Each structure stands twice: as C-alpha cells, then as structure tokens.
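# A structural walkthrough
Now for the letters of each chain:
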Amino acid sequence: MSVNIDSRVVTSGSDDFVDEAWQLKEEINDSVGVLKQRHSFFTDAYRRSTVQLSLQEDELIGFAAVRRDGYILFLAVSPDYQGEGIGKRLIARVAQEHDTITCHARTTNEGALQFYEHLGFEIKRRIDNYYEDGGDAYYLKLGSSGSIADKISDLVRR
C-alpha cells in the first residue's frame with residue numbers, strides 16, 4: 001500500500017492527539033495483547049514526552065513518545081499500516097533528536113523484538129517482573145558501534 005504520510009511533533013506538556021494515541025494503543029493491545037498500560041499512566045507519560053506522529057489525512061496511524069534522554073516510552077503503528085516503514089521512520093526521527101535511543105520490550109513480544117533488532121537495537125539485559133502484570137522485559141539500546149548519524153542513515157535506507 002502506497003500512502004502519503006504526514007509527520008508532526010507534539011511537544012512536552014501538550015495533550016494534542018493523546019486520545020487518538022490511547023485508542024491506537026488499545027487497538028494494538030486488543031489484537032496482540034501488548035501495550036497494557038493504565039489510562040492515567042499512559043496520558044501522564046504522553047504529556048511529559050515529545051511525541052513524533054505519523055498521520056494520513058489527519059488520522060493518527062503511528063506515534064513514538066520519547067523522554068528527553070531518548071528513551072522510547074511508547075511506539076505504536078496501526079495494524080493496517082505495519083510493514084509500510086512507518087515505525088522505522090518514527091525511530092529515524094527520534095534518532096535525529098537524541099544521542100542514544102533506548103526502550104523496553106516484552107520478552108514475549110516477538111514482533112517488537114524482531115523490529116528493534118532489525119534496526120540495530122541490541123538487547124542489553126533482561127528484567128524480570130518489569131511490567132505491572134508481572135511480564136518480563138528486555139532493555140534495548142540502539143547499537144553501540146558507529147555514530148548516531150550513521151544509524152539514522154542506515155534506518156532511512158532500510
């Protein structure tokens with residue numbers, strides 16, 4: 001599917017698109033059982049983050065909520081648009097703003113782990129009982145070799 005995707009940034013302190021992001025996160029949670037945050041936790045973290053948005057005709061189809069230190073709190077792409085490079089472009093935009101990029105992913109979330117590893121993230125450690133529901137996580141970091149500029153170029157080319 002060839003789509004025309006617009007990019008926007010929601011700055012920290014704003015709740016622009018927070019309801020749409022919550023709905024997208026819940027849609028993904030309903031279909032694959034990941035992204036299981038409470039509404040209050042999600043909205044608070046979203047408002048404290050810089051959020052990279054991907055939109056098609058003003059409809060939210062993907063987002064990455066990122067802390068000041070480059071830690072990705074949430075990354076979500078609509079199931080209808082997965083495989084179209086939207087997640088990769090969101091990560092590339094995050095990489096343009098940060099020297100390091102890190103995140104957590106459930107140890108059982110094979111799709112996310114494959115996605116991150118394909119982009120050059122490395123598993124740094126496993127954390128048992130990381131999530132509220134007792135789920136375990138891997139802590140991932142965008143590969144330690146090479147410059148972040150090289151990583152951005154690699155991400156965009158993939």
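Rules used in this analysis
Residues numbered from 1 in each chain as written. Predicted model: local features only at pLDDT ≥ 70, side-chain atom pairs only at ≥ 80, totals over all residues. Heavy atoms only, no water. Helix = DSSP H or I, 4+ residues; strand = E, 2+ residues; numbered from the N terminus. Pairing = 2+ DSSP bridges. Axes fitted to C-alpha atoms, helices over the stretch in contact; angles between N-to-C directions. Contact = heavy atoms within 4.5 Å. Patch = residues over 30% accessible without salt bridge, like charges linked within 9 Å, V, L, I, M, F, W, Y side chains within 5 Å. Areas by Shrake-Rupley, 256 points an atom, 1.4 Å probe, with all protein chains shown as cover. Salt bridge = Lys/Arg side-chain N within 4 Å of Asp/Glu carboxyl O. Lys, Arg positive; Asp, Glu negative; His and termini not counted. Charge placed at Lys NZ, Arg CZ, Asp CG, Glu CD.

Take unusual backbone geometry next. The phi dihedral of Glu-57 falls on the positive side, at around 50°, and the residue is not glycine. Assignment of secondary structure puts Glu-57 in the loop between strand E2 (50-56) and strand E3 (59-66). The backbone phi angle of Asn-129 is positive, close to 55°, even though this residue is not glycine. Checked against the element boundaries, Asn-129 lands in the loop between strand E6 (121-127) and strand E7 (137-142).

Moving on to the sheet that holds E6. If you walk across this open sheet you meet the seven strands as E1-E2-E3-E4-E5-E7-E6, and the pairing is mixed. The strands lining the two open edges of the sheet, one partner per strand, are strand E1 (6-10) and E6. Each adjacent strand pair in this sheet contributes to an overall mean axis angle of 30°, direction not counted. Each of E1, E2, E3 and strand E4 (71-77) is contacted by helix H2 (residues 39-47), which is oriented at about 110° to E4, the strand it contacts most. The sheet strands contacting helix H3 (residues 86-97) are E1, E2, E3, E4 and E6, and the helix crosses E2 at an angle near 145°.

What follows is about a negative patch on the surface. Residues Glu-27, Asp-30, Glu-57, Glu-59 and Asp-80 make up a contiguous surface patch of negative charge. Checked against the element boundaries, Glu-27 lands in helix H1 (residues 18-32).

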